[in-house]
Amino acid sequence: MSNTAIKIPQTENPVLDVLKMRWSPRAFSEKAIDEKAIATLLEAASWAPSSMNAQPWRYIYAHKGTPAFEKMWDCLLPGNQPWVKNAAVLMLNIGYTFLDQFLVPNRHFMHDCGMANANLFTQATALDIYGHLLGGFDEAKTKLAFGLGEKEEPVCFVALGYLGEAESLEEPFRTRELAPRTRKGLSEIAQRL
Ligand SMILES: Cc1cc2nc3c(=O)[nH]c(=O)nc-3n(C[C@H](O)[C@H](O)[C@H](O)COP(=O)(O)O)c2cc1C
């Protein structure tokens, strides 16, 4: 059984295939992601809704084998570094914390960046590209390394690539790669009033 087969959930309702197919792998293949595909992912992200249409996001990215990739990888926490090194592309999603036109903080920036990332991931799935979001990074180091301004926040890194073999991973990542995914039941997350 491929690692994808065990990761696709059986849903009780007719959830879209593109949502069911997405999961967060740690094993990536050697195949590079071309710039056309990257542009498609970023354009998909740009079409996410956002509060006041402020689009409080930007992305910087680098391909594996470049100094910029190393610099990004170096900002990650040790638990992520062993497997992220094999990703084809690393992105940093940066959020704008301030609404400049109203001179007030934008309390929705994290939400809106999440929407953009969700779009990016859905588009990636449609292109057979897999992503793994990374909140485990050194925030201060990242801000310094990439010269973020005072109204900018590093939201998350994104590891992207084509799917690799679970066998390529060391433990405990290999076991996790082959484990089914779980979710809370609807009764736990929603209530009809
Ligand atoms: C904001 C955010 C931060 C995350 N940070 C990490 C991380 O640092 N390391 C990691 O291995 N996974 C990380 N993940 C991935 C989650 O663990 C994963 O999405 C979750 O276990 C559900 O699995 P699935 O994406 O395969 O459905 C993060 C996910 C999100 C949304």
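Look a little higher up for the structure.
Keep in mind it's a predicted model, so treat the numbers as computed, not measured.

Draft legend 1. Geometry of the packing of aromatic side chains. Counted according to the given criterion, the structure contains two aromatic pairs. On the basis of an interplanar angle of 75 degrees and a centroid distance of 5.1 Å, the ring pair of Phe 137 and Phe 157 is categorised as edge-to-face. Taken as a pair, Phe 137 in the loop between strand S5 (130-134) and helix H7 (139-145) and Phe 157 in strand S6 (residues 152-161) lie far apart in primary sequence, 20 residues in all. Here Phe 137 falls in the buried class, since its relative accessible area comes to 10%. Here the basic side chain of Arg 26 rests over the ring of Trp 83, its NZ or CZ set 5.2 Å away from the ring centre. Here the basic side chain of Lys 31 rests over the ring of Tyr 162, its NZ or CZ set 4.1 Å away from the ring centre.

Draft legend 2. Structural view of the layout of surface pockets. Counted as a void, the largest pocket has a volume near 630 Å³. Contributing to the lining of the largest pocket are 20 residues, with Pro 9, Gln 10, Thr 11, Arg 183 and Lys 184 lying nearest its centre. Contributions of two or more residues to the lining of the largest pocket are made by helix H1 (3-7), helix H2 (17-20) and helix H9 (186-189). When grouped by side-chain class, the residues that make up the lining of the largest pocket number eight nonpolar, five polar and seven charged.

Draft legend 3. The site of the ligand, seen in detail. Around the ligand, the structure places 13 residues, and the nearest of them are Ser 24, Arg 26, His 132, Gly 135 and Arg 183. One of the backbone nitrogen or oxygen atoms of Leu 133 is found 3.1 Å away from a nitrogen atom of the ligand. Against a free-state accessible area of 620 Å², the protein chains account for coverage of 58% of the ligand.

Draft legend 4. Examining unusual backbone geometry more closely. The omega torsion of the bond from Glu 171 to Pro 172 falls at 5 degrees, within 30 degrees of zero and hence cis. Looking at the element boundaries, Pro 172 is found in the loop between S6 and helix H8 (173-177). One non-glycine residue, Asn 53, adopts positive backbone phi at about 50 degrees. With respect to the secondary-structure elements, Asn 53 resides in the loop between helix H3 (35-46) and strand S1 (57-63).

Draft legend 5. Region of interest: the sheet that holds S6. On the basis of which strands lie adjacent, the open sheet formed by four strands has the order S1-S2-S6-S5 and antiparallel pairing. The open sheet has two edge strands, S1 and S5, and neither has a second partner. Averaged over all adjacent pairs, the angle separating strand axes in this sheet is 25 degrees, with direction ignored. As defined by bridge partners, S1 adjoins strand S2 (residues 89-96) across seven bridges and the pair is classed as antiparallel. Bridge pairing in S2 places His 63 opposite Val 89. Lying on the sheet, H3 is in contact with S1, S2 and S6; it crosses S1 at an angle near 165 degrees.

Calculation rules
Residues numbered from 1 in each chain as written. Predicted model: local features only at pLDDT ≥ 70, side-chain atom pairs only at ≥ 80, totals over all residues. Heavy atoms only, no water. Phe/Tyr/Trp six-rings, centres within 6.5 Å; stacked < 30°, edge-to-face > 60°. Helix = DSSP H or I, 4+ residues; strand = E, 2+ residues; numbered from the N terminus. Buried < 20%, exposed > 50% of the residue type's maximum accessible area, 1.4 Å probe, protein only. Lys NZ or Arg CZ within 6 Å of the ring centre and 35° of its normal. 1 Å grid on protein atoms, 1.4 Å probe; cavity = no way out; pocket = protein on both sides within 12 Å on 5 of 7 lines; lining within 4 Å. Points joined across faces, edges and corners; volume = space filled by probe spheres on them. Nonpolar A, V, L, I, M, F, W, Y, C, P; charged D, E, K, R; others polar. Near = heavy atom within 4 Å. Polar contact = N/O pair within 3.5 Å; in protein donor to acceptor, adjacent residues only side chain to side chain. Areas by Shrake-Rupley, 256 points an atom, 1.4 Å probe, with all protein chains shown as cover. Pairing = 2+ DSSP bridges. Axes fitted to C-alpha atoms, helices over the stretch in contact; angles between N-to-C directions. Contact = heavy atoms within 4.5 Å.

Geometry only, nothing functional implied.
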